[in-house]
Amino acid sequence: MVEWMRTVIEAAGALGVAALMFLENLFPPIPSELVMPLAGYVVQVQGGGALGLAATILGGVVGSVAGAALWYWVGLRIGAERLKRFARRHGRWLTLTPGDVDRADAWFDRHGGWAVLLGRLVPTVRTFVSVPAGVAGMRLWPFLALTTAGSTVWVSLLAGAGWALGREYDAVSAWLDPVATAVLAAIVAIYLYRVATFRRTVRRQDAADRTED
């Protein structure tokens, strides 16, 4: 998958980065923690310069915000309870459980609107924190502003790390590809484990909810 992502980035540039970052919100095995460093690295190796890096970051932010806006719309139009019912029945391939919805909702309740900004910097929360923002009826423009700010910080840090690494590629190439492959393999393994244990996890969460009641 690393080679596939690199091919997309090399072929489509910032638009490819935007597409991958949008898909990150829908398909867990495509993580921003790999997409953006890889994009920054590709720009450096191709000699894209600062302008190329800026375009790459912009593409990453646009894709990230678009994905967040999709989940905001889901929360706004569908609501938390209907989303939880959907997650219980069909959330296996998104590895989205009713408990994930509850955790995102609790995060939003604790931090209010700032949860949208802070949540974009937290890997386990960043995808679904947009849902309770929609459920709560948070106004669109503040949501987009805070999402864009958080996404810009996250994307810039990751792309900058890849950019810096690109300059030292010859020195690290012997271990870079195996490490990237190992990280991706771990992510895919976790994803497959969550898919395989989805029903068990939902049953455990339901049992815990009944106990609390």
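Each value, and the rule that gives it
- Residues numbered from 1 in each chain as written.
- Predicted model: local features only at pLDDT ≥ 70, side-chain atom pairs only at ≥ 80, totals over all residues.
- Heavy atoms only, no water.
- Helix = DSSP H or I, 4+ residues; strand = E, 2+ residues; numbered from the N terminus.
- Buried < 20%, exposed > 50% of the residue type's maximum accessible area, 1.4 Å probe, protein only.
- Contact = heavy atoms within 4.5 Å.
- Areas by Shrake-Rupley, 256 points an atom, 1.4 Å probe, with all protein chains shown as cover.
- Core = buried A, V, L, I, M, F, W, Y, C linked by side-chain atoms within 4.5 Å.
- Expected span 1.5 Å × (residues − 1).
- Phe/Tyr/Trp six-rings, centres within 6.5 Å; stacked < 30°, edge-to-face > 60°.
- Axes fitted to C-alpha atoms, helices over the stretch in contact; angles between N-to-C directions.
- Parallel < 35°, antiparallel > 145°, perpendicular 65-115°, else oblique.
- Nonpolar A, V, L, I, M, F, W, Y, C, P; charged D, E, K, R; others polar.
- Left-handed = near helix turned anticlockwise from the far one by under 90°.

Asks: Honestly, the overall build of the chain in this entry has me stumped. Any pointers?
Replies: Within the chain one finds 11 helices and 0 strands. Traced from its N-terminal end to its C-terminal end, the chain shows the element sequence α-α-α-α-α-α-α-α-α-α-α. Buried positions account for 46% of the 213 residues belonging to the chain. Counting contacts in the chain only where the partners sit at least 6 residues apart, residues at least 24 apart contribute 74% of the total. Summed over all atoms, the accessible surface of the chain reaches about 10,900 Å², with 66% contributed by carbon and sulfur.

Asks: What's the story with the nonpolar core in this structure? I'm lost.
Replies: One recurring pattern in soluble globular proteins is that nonpolar side chains are buried together. Grouped together as the largest cluster of nonpolar side chains are 36 residues, with contacts concentrated most on Met-36 and Phe-143. Of all the secondary structure elements, the ones that give two or more residues to this core are helix 1 (2-12), helix 2 (14-24), helix 3 (32-46), helix 4 (49-77), helix 6 (98-111), helix 7 (114-119) and helix 9 (140-167). When near neighbours in sequence (up to four residues on either side) are disregarded, Phe-143 contacts Ala-68, Ala-69, Tyr-72, Val-116, Ser-130, Ala-133 and Met-138. One finds Leu-83, Val-101, Ala-104 and Val-131 within the second-largest nonpolar core, a separate group that totals 7 residues.

Asks: I would appreciate a short explanation of helix 6 in the present structure.
Replies: Helical periodicity: at 3.6 residues per turn, an α-helix aligns residues three or four positions apart in one direction. Here helix 6 contains 14 residues, and its C-alpha end-to-end distance of 20 Å stays within 8% of the 20 Å for a straight helix at 1.5 Å per residue. Turning to helix 6, its buried residues are Pro-98, Gly-99, Asp-100, Val-101, Ala-104, Trp-107 and Phe-108. Phi for Gly-112, located one or two positions after helix 6, is positive at around 65°.

Asks: Please clarify how the environment of Ile-9 should be interpreted in this entry.
Replies: Along the polypeptide, Ile-9 turns up in helix 1. Residue classification places Ile-9 among the buried positions, given a relative accessible area of 5%. With residues up to four places along the chain from it excluded, the contact list for Ile-9 reads Val-17, Leu-20, Val-35, Leu-38, Ala-39 and Val-42.

Asks: Looking at this structure, how should I read the environment of Val-74?
Replies: Counting through the fold element by element, Val-74 comes out in helix 4. When the C-alpha atoms of Val-74 and Pro-132 are compared, they prove to be 9.4 Å apart, with 58 residues separating the residues in sequence. What Val-74 contacts, discounting residues up to four positions off in sequence, is Gly-79 and Leu-83.

Asks: Even after reading the chapter, I still don't get the packing of aromatic side chains, so can you show me in this structure?
Replies: Given two aromatic rings, their pairing is described by the distance between the two centres and the angle made by the two planes. All told, the structure shown has 1 aromatic pair when counted by the stated rule. Pairing Tyr-72 with Phe-143 gives two aromatic rings, centres 4.4 Å apart and planes at 25°, and the pair type is stacked. Here Phe-143 lies in helix 9 and Tyr-72 lies in helix 4, a separation of 71 residues in the sequence. Exposure class is identical for Tyr-72 and Phe-143. Each is buried.

Asks: How should I be thinking about helix 4 in this particular structure?
Replies: Compared with the 42 Å implied by 1.5 Å per residue over 29 residues, the 42 Å span of helix 4 between its first and last C-alpha is a close match. Once helix 4 ends, the next one or two residues include Gly-79, with phi positive near 90°.

Asks: Is there a simple way to think about the packing of helix 2 against helix 3 in this case?
Replies: Describing two packed helices takes the angle between their axes plus the distance from one axis to the other. For the pair helix 2 and helix 3, the least separation of the axes is 10 Å and the interaxial angle reads 170°. One finds that helix 2 runs roughly antiparallel with respect to helix 3. In this structure, helix 2 contributes Val-17, Leu-20, Met-21 and Glu-24 to the contact, and helix 3 contributes Ser-32, Val-35, Met-36 and Ala-39. Residues belonging to the contact of helix 2 with helix 3 are distributed by class as follows: 6 nonpolar, 1 polar and 1 charged.

Asks: Please clarify how the packing of helix 3 against helix 4 should be interpreted in this entry.
Replies: Where helix 3 meets helix 4, the closest approach of the two axes is 9 Å, and the angle between their N-to-C directions is 160°. Judged by the inter-axis angle, helix 3 sits roughly antiparallel to helix 4. For the pair helix 3 and helix 4, the sense of crossing is right-handed. Counted together, Met-36, Ala-39, Gly-40 and Val-43 of helix 3 and Gly-49, Gly-52, Leu-53, Thr-56 and Gly-60 of helix 4 form the full contact between these two elements.

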